[in-house]
Amino acid sequence: MQYRGRIWKFGDDIDTDVIIPARHLLTHDPKELAAHVMEDIDPEFSKKVQEGDIIVAGKNFGCGSSREHAPIAIKGAGVAVVVAKSFARIYYRNSINIGLPLVECPELVDEAEDGDILEIDTTEGAIINTRTGKEYSAKPHAPYVQEIVNAGGLIEAVTARVAARKASATA
Amino acid sequence: MGLTMTEKILAKGAGRDEVTPGEIVEVAVDLVMTNDVTAPLSIAEFKKTGLEQVFDPGKVVFVPDHFVPAKDIKAAELAKIMREFAHEQGTLYFEIGRAGIEHVVLPENGLTKPGDIIVGADSHTCTYGAFNCFSTGLGSTDIAAAMALGTTWTRVPESIKFVYYGTLPEGIGGKDLILHTIGLIGVDGALNSAMEFTGPVIDNLSMDGRITMANMAIEAGGDTGIFACDDKTRAFVDAVTDKPYTAYDSDPDATYARIVEIDVTNLRPVVALPHLPSNVHAADDVDDMEIHQVVIGSCTNGRLSDLREVADVLRGRQIHPMVRCIIIPGSQEVAKQAHKEGLADVFLEAGAIWSTSTCGPCLGGHMGILAKGERCVSTTNRNFRGRMGHREAEIILAGPQVAAASAVLGKVASPAALD
């Protein structure tokens, strides 16, 4: 998949409590959650972010709670991809599972500025910062994880498996 | 080449003789858990798979604890979705008034046996590493997949061995040990790793102390925080279940990504100042930091031994006039025992609030939300910005004794400051 979008830059250790505070966890509706995304860092963020934008952040993005509401809120706000130096493990899985692409690329994070435009090819793992023209390579997903991405998310992958199991049981 | 206990448990789950750090394996799970915040999404995703039954109702457990007793209509509806699904599926279910916080309730009910693989839609599922489980937090969709298949995938983590040695000073507990450790390695110091806690200090540490340490492995980014099974573990587990289990110990020649040796002899009671659990300082080095609220409880420090420590500090003393002190038992069993031992009377006489069991304020749910500019000393596990209320409120993490002393003095303080 190819993406082109404006960067919103955040720092290190962005935790899931600031991505979506627990006071809003009374729903898992993407649009309702999106209205509050990142509000404890930047109360205006949900109004500023546009469809197709890209979040760029430092190390350990998504640390803390297991709440899947965090990537759902980000995806619901229209963010196309999150690029970070590293991701907290549960957030990484949640993002893959719900089909929100993520890219690990420390060098790009160091050199990118808020407002830059990135072009990202998640299939090739290639990123270009259009301001500098510099090209970067993303760390590829493990093959097992890539299969979940290719299926469109974890439940899609599991559903296909369950269907295959049923088919072979009746064959 | 030898294996760590984590590698052995995952190899067992994968039906193999050994596994290697870095590889992805699919493992059979012994228990799948969710709570009232995460279950509704898990249930919705589970239903998309086309399956009508969870893989094994005896291995799926639902615990309402976060927003219950329901704080509002939406919270009531979340809990209702979970309750109805649990009853319809015939899974394990622990209702409020007879249970409490998931990570206190599951061990009390013999559901966390050595060698088990446990996944929960709650990041503090790593708590059961105290019982020699490989247990880890996952999101709702991962849990839906585990409820459907009875398996989950995991990248086999590298293990980091922590060796605690020296003489543990009086008044230093599991919370001080784990906060000190997180302060040392940082909030991503164990990212994608298993934290293995060892050494003579750990051998002498109570089960409650070990549970507190395992609970906060996630605050260093760890997949799990795991301990060997010893006589203390077996005494705890054998008192609550007669089901068989196999414990796993690390081989002497197991491979570790890193070994961290920690001399505990000169440790002092610590706190984590805002806004990261790694911002650790000695409580007595914090100058005149005025507080407005104290929260004692949670899956980290809501057990009986924690409440006994708090009562020892509060007995014959009064909560500071400018402080609200909220004490929350980890479970109904803990509450009952606290009443029998007279601890609840001590809390009430001191002017504290004695609540029913709930996660409540820890995640800013209810039962003690902070206003702008307020500061709270809390025995919980996270002091992220906005976690307990307003984004301009502050949370200071501490063990039970520091929290109780702070409640009396109206500022961050260790029990030594009471004399």
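An account of the accompanying structure is given in this report. (Residues numbered from 1 in each chain as written. Chains lettered and ligands numbered in written order. Predicted model: local features only at pLDDT ≥ 70, side-chain atom pairs only at ≥ 80, totals over all residues. Heavy atoms only, no water.)

What follows deals with empty space enclosed by the protein. Residue and element names in this part refer to chain B. If you walk through the whole model with that rule in mind, you get five cavities of 30 Å³ or more. Of the volumes computed, that of the largest cavity is approximately 220 Å³. As for the largest cavity, its lining consists of 24 residues, of which His66, Asp122, His124, Leu363 and Arg387 are closest to the centre. Looking at the lining of the largest cavity, the elements with two or more residues in it are helix 4 (102-108) and helix 10 (298-301). Among the residues making up the lining of the largest cavity, the classes are represented as eight nonpolar, 10 polar and six charged. Counting only domains with at least three residues in the lining of the largest cavity, you end up with domain 1 (7-153) and domain 3 (270-413). Roughly 80 Å³ of volume is contained in the second largest cavity. Taken together, the residues that form the lining of the second largest cavity break down as six nonpolar, five polar and one charged. (1 Å grid on protein atoms, 1.4 Å probe; cavity = no way out; pocket = protein on both sides within 12 Å on 5 of 7 lines; lining within 4 Å. Points joined across faces, edges and corners; volume = space filled by probe spheres on them. Helix = DSSP H or I, 4+ residues; strand = E, 2+ residues; numbered from the N terminus. Nonpolar A, V, L, I, M, F, W, Y, C, P; charged D, E, K, R; others polar. Domains from an automatic or database assignment.)

All names here are of chain B. By secondary structure assignment, the location of Thr380 is in the loop between strand 17 (375-378) and strand 18 (394-398). What makes Thr380 buried here is its relative accessible area of 1%. Within the structure, the side chain of Thr380 is placed 2.7 Å from the side chain of Ser378, a separation counted as a polar contact. Sequence-distant contacts of Thr380, that is, excluding residues within four places in its chain, are made with Lys175, Val295, Ser298, Thr300, Cys362, Met388 and Leu397. (Buried < 20%, exposed > 50% of the residue type's maximum accessible area, 1.4 Å probe, protein only. Polar contact = N/O pair within 3.5 Å; in protein donor to acceptor, adjacent residues only side chain to side chain. Contact = heavy atoms within 4.5 Å.)

All names here are of chain A. What the rule picks out here adds up to 39 salt bridges over all chains. A salt bridge links Glu104 to Lys139, with the nearest nitrogen and oxygen atoms 3.6 Å apart. Pair noted here: Glu104 is in strand 4 (residues 102-104) and Lys139 is in the loop between strand 7 (134-137) and helix 7 (143-151), with a separation of 35 residues, a long-range link. We classify Lys139 as exposed; its relative accessible area is 55%. (Salt bridge = Lys/Arg side-chain N within 4 Å of Asp/Glu carboxyl O.)

This paragraph deals with unusual backbone geometry. Residue and element names in this part refer to chain B. Val68 connects to Pro69 through a cis peptide bond whose omega is -10°. Geometrically, the link from Pro274 to His275 is a cis peptide bond, its omega value of -5° lying close to zero. Here His275 shows up in the loop between strand 12 (270-272) and strand 13 (280-282). One non-glycine residue, Asn132, lies in positive phi territory at about 70°. Looking at where Asn132 falls in the secondary structure, it is placed in the loop between strand 5 (117-120) and strand 6 (134-137). Overall, the relative accessible area of 0% leaves Asn132 in the buried class. Non-glycine residue Asn192 carries a positive phi angle of around 60°.

Time to look at the nonpolar core. Most often, soluble globular proteins keep nonpolar side chains buried together rather than apart. Counting 123 residues, the largest nonpolar core has Phe61, Ile74 and Tyr91 of chain A together with Phe62, Leu314, Ile327 and Phe347 of chain B as its most contacted members. Counting residues per element, this core draws most heavily on helix 5 (residues 140-149) of chain B, at seven residues. For this core, the two domains that each supply at least three residues are domain 1 (7-153) and domain 3 (270-413) of chain B. (Core = buried A, V, L, I, M, F, W, Y, C linked by side-chain atoms within 4.5 Å.)

This part takes up the sheet that holds strand 8 (residues 158-165) of chain B. Within a sheet, neighbouring strands are paired by backbone hydrogen bonds and run either parallel or antiparallel to one another. All names here are of chain B. Read across the sheet, four strands follow the order 10-9-8-11 without closing on themselves; strand pairing throughout is parallel. Edge positions in the open sheet fall to strand 10 (224-226) and strand 11 (258-263), since each of these has one partner strand only. The mean inter-strand angle of the sheet, taken between neighbouring strand axes irrespective of direction, is 20°. In the sheet, strand 8 pairs with strand 9 (residues 193-198) via six bridges, with the strands oriented parallel. When the sheet's bridge partners are listed, Ser159 is paired in strand 9 with Ala194. Strands strand 8, strand 9 and strand 11 of the sheet are contacted by helix 6 (residues 174-185), whose axis makes an angle of about 125° with strand 11. (Pairing = 2+ DSSP bridges. Axes fitted to C-alpha atoms, helices over the stretch in contact; angles between N-to-C directions.)

Take the packing of aromatic side chains next. Inspection of the entire model under this criterion finds 14 aromatic pairs over all chains. Between the aromatic rings of Tyr164 of chain B and Phe197 of chain B, the centroid separation amounts to 6.3 Å while the plane-to-plane angle is 40°, which identifies the pairing as tilted. Placement of the pair is Tyr164 of chain B in strand 8 and Phe197 of chain B in strand 9, with a sequence separation of 33 residues. Across the pair, Phe197 of chain B and Tyr164 of chain B agree in class, each one buried. Ring geometry for Phe197 of chain B versus Phe227 of chain B: centroids 5.1 Å apart, planes at 40°, classification tilted. Taken together, the residues span a long stretch of sequence, with Phe197 of chain B in strand 9 and Phe227 of chain B in the loop between strand 10 and helix 9 (231-240) at a distance of 30 residues. Note on accessibility: Phe197 of chain B and Phe227 of chain B belong to one class, buried. The ring of Trp8 of chain A carries the charged tip of Arg6 of chain A above its face, separated from the ring centre by 3.6 Å. A cation over a ring is seen here: Lys71 of chain B above Phe67 of chain B, with NZ or CZ 5.1 Å from the ring centre. (Phe/Tyr/Trp six-rings, centres within 6.5 Å; stacked < 30°, edge-to-face > 60°. Lys NZ or Arg CZ within 6 Å of the ring centre and 35° of its normal.)

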